[in-house]
Amino acid sequence: MAGVNVPSEIMPLKKVLLHRPGDELLNLTPNTLEELLFDDIPFLKVAQEEHDAFAKILRDEGVEVVYLEDLMAEVLDLYPELREKFLKQWIFEAGIRTDRYQKIIYDYLNDNYPTNKELVLKTMAGINLQELHTDKSNSLVDLVSDASKLVCAPMPNLYFTRDPFAMIGNGVSINRMYSETRNRETIYGEYIFKYHPDLQDVPEYYSRYNTFHIEGGDILNINDKVLAIGISQRTEPDAIDQIAKNIFESDSPIETILAFNIPNSRAFMHLDTVFTQIDYDKFTIHPGIMGPLTVFEIKSDGKGGIKVRERNETLEEILTEYVGRPVTLIPCGGGDRIAAEREQWNDGSNTLCIRPGTVVVYERNDVTNAVLEEAGINVLQMPSAELSRGRGGPRCMSMPLWRDAE
Ligand SMILES: NC(=O)NCCC[C@H](N)C(=O)O
């Protein structure tokens, strides 16, 4: 089906975008973990098995699974003239600035990765110096550079397809990311939404070339008229102002944006690490954010601008007003503070809802999973020992492209 339709977080999921972890995880090293936003180096083989189990759960529930690497390769297959443009842009965005190395890397990729799928996967995996057979006789750089040096860094966070671009109703936000390492990931979104036949007519509400950063983990579709966006470590108020104006000026039916101001911290990096919708009237929430949370309501001022007011009611009251029925907040960890902190850290709140009352979760968060089941939620558990080392859960690892309407 062409286009995208994601008017909520809970209606039956029909099509979802994933990225299967690849050799980019083999290019993680201890001294690059912090810069690349990982807490340890996953065992690739097992991470892939866990990811395949995730895809199987989705397919068994009737969801069409498409992969980012395939969509990008299809674009280059359909438009061969884009291969050179994409490669040169990717090399530049990898920080390669000298003509010499730009040519060495361009020729290396073109000569060694003839199919577009192989090429796309290699741009995701990164390149290290020892792969490049440079002529060491005439360059100081080659003579002194550490052979294991990564000349084009890997993009290990790509399997978190939630973040680089995010569906908003029938449109998309192609994001400007908080960190340079993840901002590189948005190149694939630029190409698939500009050229892929299934996606090229999707209205864009934000551009990767904008100044202010916003990430998809902070964007939650409440319904076709209400959008929630987190103010977080990754998403700044200026970006929300900008996307709100763009949305209100567009054909989008969204009338209200609720900005959730959550603590600025790595553990709570996105709104969806502490808050997700799991049924018509149920949300999971990390108790640790309830105290400091403030909610701002943003609407159009009718003159191309916005008007903002702080909501002082309780979160339940605010959500009940916008969801249209009494809302229950289910605490991650079930009221046990230590379990809440442990399980939020391992994405116990980061559920992926595939239809009202049915969610995919990490099996490791057994306290929260039991609480969800007691609340009548159908909990589909996936293995997570290696994937969770990247600090993201089932919602982080998925970007819905189509959900049924009400
Ligand atoms: N939506 C999400 O919460 N995504 C998780 C992203 C984890 C990744 N290592 C990051 O720090 O961006």
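An unreviewed UniProt entry lists the protein chain under the name Arginine deiminase, with Adlercreutzia faecimuris as the source organism. Taken from UniProt, the Catalytic activity (unreviewed entry) comment for the protein chain reads in full: "L-arginine + H2O = L-citrulline + NH4(+)". Its UniProt record gives the protein chain the following Subcellular location (unreviewed entry) comment, quoted word for word: "Cytoplasm".

Asker: Would you take a moment to explain unusual backbone geometry for this structure?
Answerer: With the exception of glycine, most residues fall at negative phi, and the peptide bonds are largely trans. The phi angle at D347 is positive, at roughly 65°, despite the residue not being glycine. You can see D347 is positioned in the loop between α12 (337-345) and β16 (352-355). Backbone geometry at R391 places phi at a positive 70°, although glycine is not the residue there.

Asker: Explanation requested: the state of the cysteines in the structure shown.
Answerer: In protein chemistry, a disulfide is the covalent bond that joins the sulfur atoms of two cysteines. Scanning the entire structure with this criterion turns up 0 disulfides. No disulfide involves C332; its sulfur sits 13 Å from the nearest other cysteine sulfur, which is in C396. Judged by relative accessible area, C332 falls into the buried class, the value being 0%.

Asker: Would you mind showing me how to read the sheet that holds strand β2 (residues 64-67) here?
Answerer: Strand pairs in the sheet, formed through backbone hydrogen bonds, run parallel or antiparallel to each other. Spatial strand order, β2-β1-β19: 3 strands in an open sheet with mixed pairing. The sheet is open, and its two borders are formed by β2 and β19 (399-403), each paired with just one other strand. Shown here is a sheet whose adjacent strand axes are inclined to one another by a mean of 20°, direction ignored. Note that strand β1 (residues 13-18) and β19 share 4 bridges and pair antiparallel. What sits directly across from L17, in β19, is M399. Running at roughly 60° to β2, helix α2 (residues 68-78) makes contact with β1 and β2 of the sheet.

Asker: I'm lost on the sheet that holds strand β11 (residues 275-279) in this one. Help?
Answerer: Within the open sheet, the 3 strands sit side by side as β11-β12-β15. Their pairing is mixed. The open sheet has two free edges, formed respectively by β11 and β15 (328-331), since each of these has just one partner strand. Pairs of neighbouring strands in the sheet enclose a mean axial angle of 30°, with direction left out of account. As judged from the 4 bridges shared by strand β12 (residues 282-285) and β15, these two strands associate in the parallel manner. Following the sheet pairing, K282 is matched in β15 by T328.

Asker: Even after reading the chapter, I still don't get the nonpolar core, so can you show me in this structure?
Answerer: A general feature of soluble globular proteins is that nonpolar side chains tend to end up buried together. Core analysis: the biggest nonpolar cluster contains 66 residues, and W90, I105, Y188 and I257 have the highest contact counts within it. The residue makeup of this core includes at least three contributed by each of domain 1 (13-67 + 156-403) and domain 2 (70-152). The next biggest cluster of nonpolar side chains, apart from the first, holds 28 residues, and it includes L13, L18, L28 and A47.

Asker: Where do I start with helix α4 (residues 99-112) in this structure?
Answerer: The periodicity of an α-helix, 3.6 residues per turn, causes residues three or four places apart in sequence to face the same way. Across its 14 residues, α4 extends 20 Å between first and last C-alpha, which sits within 8% of the 20 Å expected from 1.5 Å per residue. Along α4, the residues that are buried comprise Y101, I105, Y106, Y108 and L109. For α4, the angular spread of the buried residues around the axis is 160°, confining them to a single face. Away from the buried face of α4 by more than 90 degrees, exposed residues D99, K103 and D111 are located. Of the surrounding secondary structure, the elements contacted by the buried residues of α4 are α3 (82-93), α5 (116-125), β3 (127-128), α6 (140-144) and β4 (150-152).

Asker: How should the UniProt feature "active site" (unreviewed entry) in the protein chain be read in this particular structure?
Answerer: According to UniProt, the positions carrying the feature "active site" (unreviewed entry) are C396. Along the chain, the position of C396 falls in the loop between β18 (378-382) and β19. A residue is classified by how much of its surface remains accessible, and C396, at 4% relative accessible area, is buried. Discounting chain neighbours no more than four positions away, the residues touching C396 are Y159, F160, T161, R162, D272, D347 and N350.

Procedures and definitions
- Residues numbered from 1 in each chain as written.
- Predicted model: local features only at pLDDT ≥ 70, side-chain atom pairs only at ≥ 80, totals over all residues.
- Heavy atoms only, no water.
- UniProt positions renumbered as here; feature names shortened; annotations may be inferred.
- Helix = DSSP H or I, 4+ residues; strand = E, 2+ residues; numbered from the N terminus.
- Disulfide = S-S within 2.5 Å.
- Buried < 20%, exposed > 50% of the residue type's maximum accessible area, 1.4 Å probe, protein only.
- Pairing = 2+ DSSP bridges.
- Axes fitted to C-alpha atoms, helices over the stretch in contact; angles between N-to-C directions.
- Contact = heavy atoms within 4.5 Å.
- Core = buried A, V, L, I, M, F, W, Y, C linked by side-chain atoms within 4.5 Å.
- Domains from an automatic or database assignment.
- Expected span 1.5 Å × (residues − 1).
- Arc of directions from axis to C-beta.

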